Amino acid sequence: MINLKNVRKFYGSLEVIKGVDITVNDGEFAVFVGPSGCGKSTLLRMIAGLEGIDDGDLILNGQRINDVPPDKRGIAMVFQSYALYPHMTVAENIGFSLSLKKVPEAEIRKQVEGVAEILQLTDYLNRRPAALSGGQRQRVAIGRAIIKKPSLILFDEPLSNLDSALRVQMRAELQRLHRELKATVVYVTHDQVEAMTMADRIVVLNKGTVAQQGAPMDLYHKPENEFVATFIGSPKMNVIPMTATRQGGNLRLESAIGLAMDMSGAADIPQGEVRLGVRPEHLKIAADGQGNFNAEVGIVERLGVETYITVGTTKDPIVIRSDGDVAVRPGDRVSLSADPAACHLFDASGRVIRPAQAS
Ligand SMILES: Nc1ncnc2c1ncn2[C@@H]1O[C@H](COP(=O)(O)OP(=O)(O)O)[C@@H](O)[C@H]1O
Ligand SMILES: [Mg+2]
């Protein structure tokens, strides 16, 4: 459906999109996720035709559209700041693009009512934006986009201005909308939770390059590099510098902080400096002295259903995700164990050299 082939973008001499290859299939909900400044908005604006493409191919439904003007692409875009026309009603805002095209009044009314029903705005059609909540305004902005019946809808951080409860609700509504419209969606966010909860396919961006793309749980279980490993998942994966030495068929891993572990079936890993990745949910508090290492508890954060326990130094903290009622307090000595099969190994450059064996 949409293909980016070696796409590049420069602002002056600054290369902000560094040759990306991305495929989004027909009907997919794709999320481009990455930290602020990594090039998400630039990429989306290039797809929409609001920014030029300096190199590579942008292909929509098999046709190269690099030089097709924005209004001829059949693409709609919803921005983070959804400037609605304040003097127009909800119905007039949603129908505005059709009025511009001189569509007959009765036809506009019919289409606006259809869109309003999908977006649950039927009772608000005669209100002005000032009399709506944030979530309702965002739905009007979406209505303005979908009334054009685009085959591709682009969203640039559309939920960032909403409070957290409303964000959760809108996440569910956007998924429902995607199912009903059967349109292809490209959704941009810096929030990995939005990416994980909504996407069929996630594209993780880092400094203008694609760090990895795939299904949400594939990225969680099989990150190809330390960037993706620590970006996807919350609390984030712990990464601990270790020294690897061969002992028979096993790899002996030891860290400066006293963590030691034997990893079997890792005969192809070279000896020397490696980085061990272990998610907070894969660290367990072991019966006294039985774990891979002992540490003093620093911070205990109780969220109700689960508790996050931080051990180690403030510079190199290690976070454990435990039961809500776990009986630990700051200052306690605990013994921690990690299943070696659930651990990832990265080389010094952050490339995975041994993915987790269990999931
Ligand atoms: N018009 C511009 N001129 C120069 N640099 C820009 C321009 N727009 C964006 N940038 C730079 O390009 C990079 C990517 O920006 P952007 O796509 O907005 O990132 P994101 O949306 O991921 O936060 C940033 O380093 C930003 O400073
Ligand atoms: Mg942006």
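Provided above is the structure to which this section pertains.
Cut-offs applied
- Residues numbered from 1 in each chain as written.
- Chains lettered and ligands numbered in written order.
- Predicted model: local features only at pLDDT ≥ 70, side-chain atom pairs only at ≥ 80, totals over all residues.
- Heavy atoms only, no water.
- Helix = DSSP H or I, 4+ residues; strand = E, 2+ residues; numbered from the N terminus.
- Buried < 20%, exposed > 50% of the residue type's maximum accessible area, 1.4 Å probe, protein only.
- Contact = heavy atoms within 4.5 Å.
- Pairing = 2+ DSSP bridges.
- Axes fitted to C-alpha atoms, helices over the stretch in contact; angles between N-to-C directions.
- Near = heavy atom within 4 Å.
- Polar contact = N/O pair within 3.5 Å; in protein donor to acceptor, adjacent residues only side chain to side chain.
- Areas by Shrake-Rupley, 256 points an atom, 1.4 Å probe, with all protein chains shown as cover.
- Nonpolar A, V, L, I, M, F, W, Y, C, P; charged D, E, K, R; others polar.
- Salt bridge = Lys/Arg side-chain N within 4 Å of Asp/Glu carboxyl O.

Novice: Even after reading the chapter, I still don't get the side chain of Thr-184, so can you show me in this structure?
Specialist: Positionally, Thr-184 belongs in strand 8 (residues 184–189). Residue class for Thr-184 comes out buried when judged on its relative accessible area of 0%. Ignoring anything within four residues of it in the chain, the contact list for Thr-184 reads Met-1, Val-24, Asn-25, Asp-26, Gly-27, Glu-28, Ser-151, Leu-152 and Ile-153.

Novice: Looking at this structure, how should I read the sheet that holds strand 3 (residues 29–33)?
Specialist: Strands pair in a sheet through their backbones, by hydrogen bonds, and they do so in one of two ways: parallel or antiparallel. Reading across the sheet, the six strands line up as 6-7-8-3-9-10 and stay open at both edges, with mixed pairing between neighbours. The open sheet terminates on both sides in strands that have one partner only, identified here as strand 6 (75–78) and strand 10 (209–214). Averaged over all neighbouring strand pairs, the angle between strand axes comes to 15°, with direction disregarded. Pairing of strand 9 (residues 201–206) with strand 10, which is carried by five bridges, proceeds in the antiparallel orientation. Its bridge partner being in strand 10, Ile-202 is matched across the sheet by Gly-214. The sheet strands contacting helix 4 (residues 134–146) are strand 6 and strand 7 (152–156), and the helix crosses strand 6 at an angle near 170°.

Novice: Help me out: how do you make sense of the site of ligand 1 in this one?
Specialist: Around ligand 1, the surrounding shell consists of Tyr-11, Val-16, Pro-35, Ser-36, Gly-37, Cys-38, Gly-39, Lys-40, Ser-41 and Thr-42. Taking Gly-37, its main chain carries an N or O atom lying 2.7 Å from an oxygen atom of ligand 1. In this structure, an oxygen atom belonging to ligand 1 sits 2.6 Å away from a side-chain N or O atom of Thr-42. For ligand 1, the protein covers 57% of the area, taking 560 Å² as the surface of the free molecule. Taken together, the residues of the shell around ligand 1 sort by class into four nonpolar, five polar and one charged.

Novice: Where do I start with the environment of Ala-215 in this structure?
Specialist: Positionally, Ala-215 belongs in the loop between strand 10 and helix 7 (216–221). In this structure Ala-215 comes out as partly exposed when scored by relative accessible area, which is 30%. Taking the C-alpha atoms as reference points, Ala-215 and Pro-104, separated by 111 residues in sequence, lie 44 Å from one another.

Novice: Can you help me understand the environment of Leu-162 in this one?
Specialist: Position of Leu-162 among the secondary structure elements: in the loop between strand 7 and helix 5 (164–181). Relative accessible area serves as the criterion here: at 6%, Leu-162 is assigned to the buried category. Aside from chain neighbours lying at most four places away, what touches Leu-162 is Tyr-82, Gly-134, Gly-135, Arg-167 and Met-170.

Novice: Is there a simple way to explain the pattern of salt bridges in this structure?
Specialist: Opposite charge on two side chains makes pairing possible when the charged atoms of those side chains draw close. Scanning the entire structure with this criterion turns up 16 salt bridges. Between Arg-45 and Glu-51 there is a salt bridge, with its nearest N and O atoms 3.5 Å apart. Under the relative-accessibility criterion, Glu-51 is labelled buried at 19%. The shortest N-O distance in the salt bridge between Glu-173 and Arg-139 comes to 3.3 Å. Of this pair, Glu-173 sits in helix 5 while Arg-139 sits in helix 4, and the two are 34 residues apart along the sequence. The buried category is assigned to Arg-139, whose relative accessible area is 8%. Linked by salt bridges that have partners in common, Arg-8, Glu-15 and Asp-55 make up one network.

Novice: Would you explain the sheet that holds strand 21 (residues 352–354) in this entry?
Specialist: Taken in spatial order, the six strands line up as 13-12-11-14-20-21 in an open sheet, and their pairing is antiparallel. On the outer flanks of this sheet lie strand 13 (260–263) and strand 21, each paired with one strand and no other. Put simply, the sheet's adjacent strands are angled 40° from each other on average, direction ignored. Two elements, strand 11 (residues 238–247) and strand 14 (residues 272–278), share seven bridges in a ladder whose sense is antiparallel. Its bridge partner being in strand 14, Val-239 is matched across the sheet by Gly-277.

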